[in-house]
Amino acid sequence: MSSNTVAEFAVELQKSPDTLLEQLQAAGVSKQDASDALTETDKQALLSHLQAAHGAADRKKITLTKKSTSEIKQADATGRARTIQVEVRKKRTFVKRDDVAEPDSEEALKHAETKQKEAEHKAELVKREEEARHEADQISKQEADLVQQRADRTEREDRERKEREAEERAAAYVVKTQERKAQEVAEKAAVARIHAQDLAARNEAQAEAKKKADDESKAREAEETARAVDLDERRRKALAEAEAIRAMMNAPKKVLVAKKPSEEKKEVKPADAKKGTLHKPATTAGAGAAKPAAGAPGNKEVKSAKLSSSWSNQNDSNGKKKELKTRGDSSGGVANRGNNWRSGPRGRRGNDRNDHRGPQSAAPVEARVIDVYVPETITVSELAHKMAIKASEVIKALMKMGQMVTINQPLDQDTAMIVVEEMGHKAHVAALDDPEAFTLEEESQSESEALSRAPVVTVMGHVDHGKTSLLDYIRRSKVAAGEAGGITQHIGAYHVETPRGMITFLDTPGHEAFTAMRARGAQSTDIVILVAAADDGVMPQTKEAIKHARAAGVPIVVAITKADKPDANPERVKQELVVEQVVPEEYGGDSPFVAVSSKTGQGIDELLEQVLLQAEVLELKAPVEANAKGLVIEAQLDKGRGPVATVLVQSGTLKVGDIVLAGQTYGRVRAMVDEDGKVAKHAGPSLPVEIQGLSDVPQAGDDFMVLPDERRAREIATYRAGKFRNTKLARQQAAKLENMFAEMGAGSVQSLPIIIKADTQGSQEALATSLLKLSTDEVKVQMVYTGVGGISESDVNLALASKAIVIGFNVRADAQARKTAESNDVDIRYYNIIYDAVDELKAAMSGMLAPEQREEIIGMAEIRTVFVASKIGTVAGSYITQGHVTRNAHFRLLRDNVVIYTGQIDSLRRMKDDVKEVKEGFECGIKLKNYNDIKEGDMLEVFEIKEIARTL
Ligand code: GTP
Ligand code: MG
């Protein structure tokens with residue numbers, strides 16, 4: 001165009017000037033040098049020559065192939081993201097004017113079909129829609145450019161000499177506008193260059209070339225016109241297709257919105273319509289796609305709509321993707337899983353159901369509030385599991401609350417519930433996984449008609465006030481006489497037939513150690529006989545008994561015992577009891593007072609009368625024909641009989657062969673004996689019996705009940721044992737942490753490890769509490785193990801390992817245990833009276849106390865002269881004014897009655913001899929250890945430090 005020299009033209013044609021010169025020469029234009037001027041005529045000549053040589057006139061069409069590759073990310077059915085390679089191939093054929101329209105339109109159709117086939121592929125459609133729109137844009141651009149091009153061409157035709165140049169530019173332009181790919185432009189350029197070279201090689205007639213170029217130019221113009229039409233058509237199609245695709249993307253939403261009101265006539269509930277729609281995305285998409293397709297012009301849209309059925313839940317053009325994601329199976333699955341995961345085992349179950357139902361699973365993921373049932377103890381990991389979160393999150397939450405816990409640490413119910421609330425869930429006190437929850441139901445079902453029953457009367461009072469003696473008189477037995485140490489150490493249960501009916505008595509110990517037994521006695525009774533000795537009055541355990549009775553809410557009948565004694569003063573006792581709010585009926589209160597004597601039998605009938613009167617008022621009733629339930633009063637491990645429990649039947653009838661659940665133990669009742677050792681086959685309400693056959697020794701005070709089957713009893717017993725263990729563990733761990741700092745501060749705390757083996761569960765408990773009470777700040781009683789039954793070798797081994805002393809209460813070590821204990825120096829002590837055990841242990845612990853150091857002044861010395869001996873140092877020439885001075889004594893140096901120094905005497909001399917002691921009225925030389933600043937007239941207060949053993 002504007003190139004005026006060979007060199008410039010060469011640059012424009014992207015070839016070397018030498019080649020151009022050769023070609024020019026071949027075309028008959030004689031140019032010798034690159035700097036030679038080049039006219040339009042010269043260029044025209046070259047073009048004609050090249051065209052002739054290249055045979056361009058023979059070529060009817062140029063085919064360009066474009067291939068583009070892209071990637072899309074897609075989640076598959078398992079929720080894993082996968083990358084899919086999408087390859088789009090296009091073919092463009094440009095044909096000469098003569099056969100323009102036909103092949104090209106065919107080509108376009110083929111192309112469209114190819115596209116449709118490609119569109120069937122689900123993953124490709126995102127790409128395709130883009131492609132379609134892109135193409136539409138491209139074509140519009142092309143069209144606009146084409147108009148411009150045509151104008152240019154007209155201009156160029158006016159200047160025929162620029163024909164060659166125009167051809168090249170047009171070709172380059174086509175490439176550029178069609179494909180917009182630099183690579184292909186280069187390819188085209190390369191083709192053009194090759195053509196040019198070929199042309200140069202063949203030197204043809206310029207005129208013919210010109211003519212041909214002219215022809216070609218015309219053909220091109222026609223072709224461009226045709227293409228413009230074609231492009232216009234294709235652009236329209238592409239746009240329509242893009243529109244159809246977009247319409248389909250919107251389709252599900254439209255369906256949902258439209259269906260609600262309109263579908264009602266089909267008697268489909270909106271929720272159901274929605275459910276179905278969401279649950280079967282493919283069907284829905286198909287239906288949804290059909291709607292806009294029907295309204296869209298042309299059949300292309302219909303095809304697109306068909307194709308779209310498989311991908312409509314994937315594709316997205318305007319933010320529908322999010323909504324689509326939660327439905328269906330592949331991508332939606334991820335969201336659902338997330339939801340499941342958050343909702344935990346209970347929630348998960350619920351959600352699984354939701355998955356089948358549909359609508360809920362389509363709901364957006366949100367924090368679920370889970371109902372968490374918290375048992376009495378729960379480990380961190382279990383709690384996390386219940387909330388469907390990681391244990392670390394629970395640990396973190398607890399850390400925020402200032403608690404450092406481990407994953408397996410049991411938490412108590414309160415803490416766990418706080419954590420649950422903290423995590424935004426709802427905490428409930430657990431009853432669900434507690435098998436006992438159903439036990440109550442079973443019980444209520446088995447309720448039969450209640451008949452009147454005998455009263456259970458507990459005798460309580462201070463030690464030695466005559467409780468057992470009173471019962472002995474009533475029962476005509478001699479229990480008190482056989483008691484070790486004269487005190488009761490177990491709860492005794494007896495039933496007595498009186499002329500007015502049966503009464504069951506529970507005798508409780510009066511010694512302070514048996515608080516728990518008294519409490520149990522009060523809890524399992526209907527009436528309390530409060531015993532107070534007429535000669536002793538209200539004592540600490542009398543007061544305690546009153547408290548227990550009050551706590552249990554049972555009426556009190558007062559028996560003032562030992563009324564036969566000369567120093568008996570029932571009136572005083574009455575006064576003292578009034579102070580304790582136990583008011584006699586004669587004073588307007590509600591407690592009958594009866595003065596009795598177990599020696600003479602005075603007042604005993606009246607006492608029984610009063611008791612039965614109270615019982616009548618209470619109208620005591622219990623079902624008889626029902627499964628028994630009641631309380632364990634005492635339990636022990638018998639060598640021959642195994643675990644034995646004294647139980648009080650409170651309702652129903654206990655029979656031999658029944659399956660009994662007692663606390664954490666269970667078993668079949670193998671045998672039953674009454675308090676006198678007589679075999680019993682059954683025991684009705686208010687009767688105490690001793691049963692054998694339990695799997696273990698139950699705790700005194702445990703409830704017992706008869707269950708229909710053993711499996712269930714075992715289940716509950718195991719559950720209770722586990723619960724107990726966890727609670728214990730939780731308490732221990734809490735205690736450990738609490739005590740850690742206290743112990744660190746306390747320095748060396750002495751501890752006395754103890755193992756207790758007792759005859760009954762009650763005495764073991766009483767002994768343990770009494771001994772634990774002995775703990776002081778300096779010496780701690782450490783209960784290593786307490787148990788019921790004889791001392792076995794394993795107890796001795798445990799003692800050996802923990803350096804404990806073994807206490808046998810009413811039990812003995814077996815031969816093997818004795819041997820092991822002897823050879824290993826394990827201390828086993830036997831007791832049969834609780835206060836003996838307590839006293840001895842107290843003494844033992846006193847021995848462990850660091851002795852107290854006390855100063856004891858032994859004498860006074862006056863310093864009369866001070867002399868300094870070169871070898872020895874300063875010596876105080878003193879006179880003992882009082883007491884005596886010993887060589888190892890300590891001193892306080894007093895000057896004008898002010899303490900100057902406190903130290904130790906170094907040596908003591910009398911007349912140059914070392915002496916041990918100098919008595920009052922004698923003179924001596926005293927050398928003070930590390931101290932020389934003494935003066936005449938100073939006084940020495942001499943004292944010794946004595947160690948005094950302490951007691952608890
Ligand atoms: P603990 O069970 O250890 O609390 O004692 P207790 O209340 O059962 O007293 P217990 O029946 O063992 O009697 C204690 C002492 O009091 C015994 O020596 C009895 O002989 C004596 N004693 C009990 N009742 C009477 C009584 O009515 N008159 C007289 N004179 N002595 C009595
Ligand atoms: Mg007694």
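Residues numbered from 1 in each chain as written. Chains lettered and ligands numbered in written order. Predicted model: local features only at pLDDT ≥ 70, side-chain atom pairs only at ≥ 80, totals over all residues. Heavy atoms only, no water.

Per an unreviewed UniProt entry, the protein chain is named Translation initiation factor IF-2, and its organism is Comamonas piscis. A UniProt comment under Subcellular location (unreviewed entry) is attached to the protein chain, and it reads "Cytoplasm". UniProt annotates the protein chain under Sequence similarities (unreviewed entry) with the comment "Belongs to the TRAFAC class translation factor GTPase superfamily. Classic translation factor GTPase family. IF-2 subfamily." (UniProt positions renumbered as here; feature names shortened; annotations may be inferred.)

Within the first shell, the magnesium ion (ligand 2) binds the protein through Thr 468 (OG1) and Thr 488 (OG1), at distances of 1.8 Å. Of the two residues, Thr 468 sits in helix 19 (residues 467–475) while Thr 488 sits in the loop between helix 19 and strand 9 (492–498), which places them 20 residues apart along the sequence. Side by side, Thr 468 and Thr 488 carry an identical accessibility label, which is buried. (Donors = N, O, S within 2.8 Å, 3.2 Å for Na, K, Ca; no water. Helix = DSSP H or I, 4+ residues; strand = E, 2+ residues; numbered from the N terminus. Buried < 20%, exposed > 50% of the residue type's maximum accessible area, 1.4 Å probe, protein only.)

Viewed as axis vectors pointing N to C, helix 15 (residues 380–387) and helix 16 (residues 391–400) meet at an angle of 110 degrees, and their least axial separation amounts to 8 Å. Considered as vectors, helix 15 and helix 16 are oriented roughly perpendicular to each other. Crossing geometry of helix 15 relative to helix 16 is assigned as right-handed. Across the interface between the two elements, Val 380, Ser 381, Leu 383, Ala 384 and Met 387 from helix 15 touch Ala 391, Val 394, Ile 395 and Leu 398 from helix 16. (Axes fitted to C-alpha atoms, helices over the stretch in contact; angles between N-to-C directions. Parallel < 35°, antiparallel > 145°, perpendicular 65-115°, else oblique. Left-handed = near helix turned anticlockwise from the far one by under 90°. Contact = heavy atoms within 4.5 Å.)

Counting across every chain of the model gives 24 salt bridges. The salt bridge involving Arg 518 is made with Glu 544; its shortest N-O contact spans 2.7 Å. One end of the pair, Arg 518, is in helix 20 (residues 515–523); the other, Glu 544, is in helix 21 (residues 540–552), and 26 residues separate them in sequence. Residue class for Glu 544 comes out buried when judged on its relative accessible area of 14%. Linking Arg 520 and Glu 765 is a salt bridge whose minimum nitrogen-to-oxygen distance equals 3.0 Å. With Arg 520 in helix 20 and Glu 765 in helix 25 (residues 761–772), this residue pair connects regions lying 245 residues apart in the sequence. We classify Arg 520 as buried; its relative accessible area is 12%. (Salt bridge = Lys/Arg side-chain N within 4 Å of Asp/Glu carboxyl O.)

Moving on: helix 27 (residues 815–824). Of all the residues in helix 27, the buried ones are Ala 817, Thr 820 and Ala 821. Relative to the axis of helix 27, the buried residues are bounded by an arc of 100 degrees and lie together on one face. Counted as exposed and oriented over 90 degrees from the buried face of helix 27: Ala 815, Lys 819, Glu 822 and Ser 823. Contacts made by the buried residues of helix 27 are with helix 26 (793–802) and strand 26 (828–831). A positive backbone phi angle near 60 degrees is found at Asp 825, which sits one or two residues after helix 27. (Arc of directions from axis to C-beta.)

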